[in-house]
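Chain residues, written in single-letter form:
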Amino acid sequence: MTQIPDLEQLLSDPLVAALARAEETAWFSERPTPSAAGIEASGIDPAITDDARARFRRFAPWFAECFPDTRATHGILESPLTGIPDMQAELGARFGTDLPGKLWLKRDDALPVSGSIKARGGIHEVLQVAERIAIEAGLMAETDDARVLMTPKVQAVLSEHGIAVGSTGNLGLSIGIVASELGFKTTVHMSMDARAWKKDLLRSRGVTVVEHEGNFSDAVAAGRRTAQEDPSVWFVDDEASLSLFAGYSAAGSRLAGQLASLEVTIDERHPLFVYLPCGVGGGPGGVTFGLKQVFGDAVHCIFVEPTHAPCMSLGVRTGLHDAISVADIGLDGLTAADGLAVGRPSRLVGEHLQQMIDGYVTATDERMKAFVGLLHDSEGIDVEPSAAAGFAGPWRILEDEIYRTAFGLDDTALANATHIVWSTGGSMVPAAEMAGYVAEGQALIGEVPWR
Ligand SMILES: *Cc1c(COP(=O)(O)O)cnc(C)c1O
């Protein structure tokens, strides 16, 4: 681990000082990097996105056969895009400013198979590993319908292999469900904050769940260690995996198709703002990479984190990336936002994608929960607290004049804007637990400061 510069020096940056006090923050890019230059600077080959899309297409017949909730899309894992005008009006009234343009919700909380954004990245890596093993065994061709993996011959081979992952919950859920269905010996290392229902669900599917005392990074480290000891085990590395990233990035062109079908124009004069809850960064980073390929400079991607675990804001702002953890500035990393309780950002995303990320916003747990309550009351939609984090973003853009000026976001452009809050999880949460989130959120609506 590299040396951390002394704390006093770090805290001389007012933003880092605010992060250290667990305050809500907003920090936007001061000048645009053309998206083509950003993609180039990332060093990541855009071809991984089309490759992931093609893989999902090859696996569609397999999903349709194995997962009944994917039949309605013939095996393609995708979520609806929904306008939320009542939530937009409600938030406008609370914040005391109407949001120009239109507010939408991208319902990854309703993604089939595992009910969170991890159904994009986590599942993609498992599919890629299964294919590779079957191809190497001479039992599958690159272009084959993936149902060949269900044949006894391939099943015998896959059952000799293991998949391991360290997770705060949702990644383990996605990988565990699909890897066990494919016949892998599957082990999920869970951090202490993981919910009991996720562990129970995985165990019911034959997945080995190992519980760790520590946090997310400890669970990942434990998973990595066991996989290193056994070459037949593939370790899904949430902190650095390109395959996970590729799976998330496939969302970009899919979203473009959805917007086009709804007659929504996106160009420089009709900007698109996307608000993405950020944990380790792979999910929002991959989606951003996919969106910038499709929409270029017309899309603005804003990452949203909990005030107690702002690892991406901290890593990018200090330039230390995964060499600094939120604990280094005295934060406990504890949050009710599942999937976002991460102390150290992905090596892949902060360092390689920073020129593509337009802004970093943090929100308190209380605010995320209040958004859950408001969304329930105004739209009848229930999501988990982490999935509501994105609502902290849109009004911050209105406040930041430097950003708006630098990016040419005048009143006309803002009036034409499309704002998409990416709702990242919720549909698998047991009803009683969800009712608890909603009730707690409703109680907090009157407590959190809105102006
Ligand atoms: C994992 C997760 C995220 C963020 O994804 P990262 O790749 O960790 O940044 C956001 N929301 C939910 C519900 C998640 O499970």
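Located above this text is the structure these notes cover.
As a starting point, this report considers the structure included with it. Position numbers for residues count from 1 along each chain, tracking the sequence in the order it is written. Note on the predicted model: pLDDT of at least 70 is required for a residue's local features to be given, and 80 or more for side-chain atom pairs to be given and counted; whole-chain, interface and lining totals, by contrast, use all residues. With hydrogens and water excluded, all non-hydrogen atoms of the structure serve as input to the side-chain values.

### A short note on the overall build of the protein chain
Here is step 1: The way it works is that DSSP assigns letters per residue, a run of H or I at least four long becomes a helix, a run of E at least two long becomes a strand, and they are numbered from the N terminus. The helix and strand inventory of the protein chain stands at 20 helices and 11 strands.
Here is step 2: Projected onto the principal axes, the alpha-carbon positions of the protein chain cover approximately 60 × 50 × 45 Å.
Here is step 3: A burial count over the protein chain gives 60% of its 451 residues as buried.
Here is step 4: Contacts: residue pairs with any heavy atoms within 4.5 Å of one another. In the protein chain, the share of contacts with a sequence separation of at least 24, taken over all contacts with a separation of at least 6, comes to 76%.
Here is step 5: Using a 1.4 Å probe, the Shrake-Rupley method yields the accessible areas, and only the shown protein chains count as cover for residues. Summed over its atoms, the accessible surface of the protein chain is roughly 16900 Å², and 51% of this surface lies on carbon and sulfur atoms. Burial classes follow relative accessibility: with a 1.4 Å probe on protein chains only, a residue under 20% of its type's maximum area counts as buried, one over 50% as exposed, and anything between as partly exposed.

### Looking at empty space enclosed by the protein
Here is step 1: Definitions used for this entry: grid spacing 1 Å over protein atoms alone; cavity, a set of points where a 1.4 Å probe fits but cannot get out; pocket, an open set with protein on both sides within 12 Å along at least 5 of 7 lines; lining residue, one with an atom within 4 Å of a point. Grid points are joined across faces, edges and corners, and a volume is the space filled by probe spheres set on the points. Per the stated rule, a full pass over the model turns up three cavities of 30 Å³ or more.
Here is step 2: Empty space within the largest cavity amounts to approximately 250 Å³.
Here is step 3: In terms of lining residues, the largest cavity is bounded by 27 residues, among which I117, K118, G279, G339 and L340 are the most central.
Here is step 4: Sorting the residues of the lining of the largest cavity by element identifies β4 (162–167), α8 (170–182) and α13 (282–295) as the ones contributing at least two each.
Here is step 5: Here the element with the most residues in the lining of the largest cavity is α13; it accounts for three residues.
Here is step 6: Of the residues assigned to the lining of the largest cavity, the class counts are 10 nonpolar, 13 polar and four charged. Each residue receives one of three labels: charged for Asp, Glu, Lys and Arg, nonpolar for Ala, Val, Leu, Ile, Met, Phe, Trp, Tyr, Cys and Pro, and polar for the others, Gly being one of them.

### What about the environment of R344?
Here is step 1: Mapped onto the elements, R344 comes out in the loop between α14 (311–318) and α15 (347–353).
Here is step 2: Given the relative accessible area of 24%, R344 is considered partly exposed.
Here is step 3: C-alpha of R344 to C-alpha of L255: the two residues are 89 residues apart in sequence and 29 Å apart in space.
Here is step 4: Only 2.9 Å separates the side chain of R344 from the backbone oxygen of D322, close enough to count as a polar contact. Any pair of nitrogen or oxygen atoms within 3.5 Å is treated as a polar contact; in protein, a donor-acceptor pairing is required on top of that, and neighbouring residues in sequence qualify only through side-chain atoms on both sides.

### Quick notes on the nonpolar core
Here is step 1: Residues W62, F63, L149, V178, L182, F184 and F391 are the most contacted members of the largest nonpolar core, which totals 147 residues.
Here is step 2: When residues in this core are grouped by element, the largest group, eight residues, is from helix α6 (residues 118–136).
Here is step 3: Among the domains, domain 1 (7–47 + 75–114 + 250–444) and domain 2 (118–244) are the pair contributing at least three residues each to this core.
Here is step 4: Once residues within four sequence positions are removed from consideration, V178 is found in contact with W62, F63, F67, V113, I123, V126 and L127. By convention a nonpolar core is built from buried Ala, Val, Leu, Ile, Met, Phe, Trp, Tyr and Cys residues, the set being connected through side-chain atoms within 4.5 Å. An automatic or database domain assignment supplies the residue ranges for each domain.

### Here's the deal with the sheet that holds strand β7 (residues 233–236)
Here is step 1: A pair of strands is treated as paired once DSSP finds two or more bridges between them. Strand order in the open sheet formed by four strands is β6-β5-β4-β7, with parallel pairing between adjacent strands. Edge positions in the sheet fall to β6 (208–211) and β7, since each of these pairs with one other strand and no more. Strand-to-strand twist across the sheet, computed as the mean angle between neighbouring axes with direction ignored, equals 20°.
Here is step 2: With four bridges joining them, β4 and β7 adopt parallel strand pairing. By the bridge assignment, V165 is partnered in β7 with V236.
Here is step 3: Strand contacts of α8: β4, β5 (185–190) and β7, with the helix running at about 165° to β4, the strand carrying the most contacts. Each axis is a line fitted through C-alpha atoms, taken for helices only over the stretch in contact, and angles between the N-to-C directions span 0 to 180 degrees.

### Remarks on the pattern of salt bridges
Should the charged atoms of two oppositely charged side chains come close, the side chains can pair.
Here is step 1: For salt bridges, the criterion is a side-chain nitrogen of Lys or Arg within 4 Å of an Asp or Glu carboxyl oxygen. According to the stated counting rule, one finds 29 salt bridges in the structure shown.
Here is step 2: A salt bridge links D145 to R147; its shortest N-O distance comes to 2.6 Å.
Here is step 3: Close ionic contact of R269 with D410 constitutes a salt bridge, the shortest N to O distance being 3.2 Å. Of this pair, R269 sits in the loop between α12 (251–261) and β8 (272–277) while D410 sits in the loop between α18 (401–406) and α19 (411–415); the two residues are 141 residues apart in sequence, bridging distant segments of the chain.

### As for the sheet that holds strand β9 (residues 299–306)
Here is step 1: Overall, mixed pairing links the seven strands, which are arranged β1-β10-β9-β8-β11-β3-β2 in an open sheet. Looking at strand neighbours, the two that pair on one side only are β1 (26–28) and β2 (81–83), the edges of this open sheet. Pairs of neighbouring strands in the sheet enclose a mean axial angle of 25°, with direction left out of account.

### Structural notes on unusual backbone geometry
Here is step 1: Phi is positive for H74, close to 50°, though the residue is something other than glycine.
Here is step 2: Mapped onto the secondary structure, H74 falls in the loop between α4 (47–66) and β2.
Here is step 3: Residue classification places H74 among the exposed positions, given a relative accessible area of 67%.
Here is step 4: Even without glycine at this site, H321 takes up a positive phi of about 50°.
Here is step 5: Topologically, H321 is positioned in the loop between α14 and α15.

Purely geometric stuff here, so don't read any function into it on its own.
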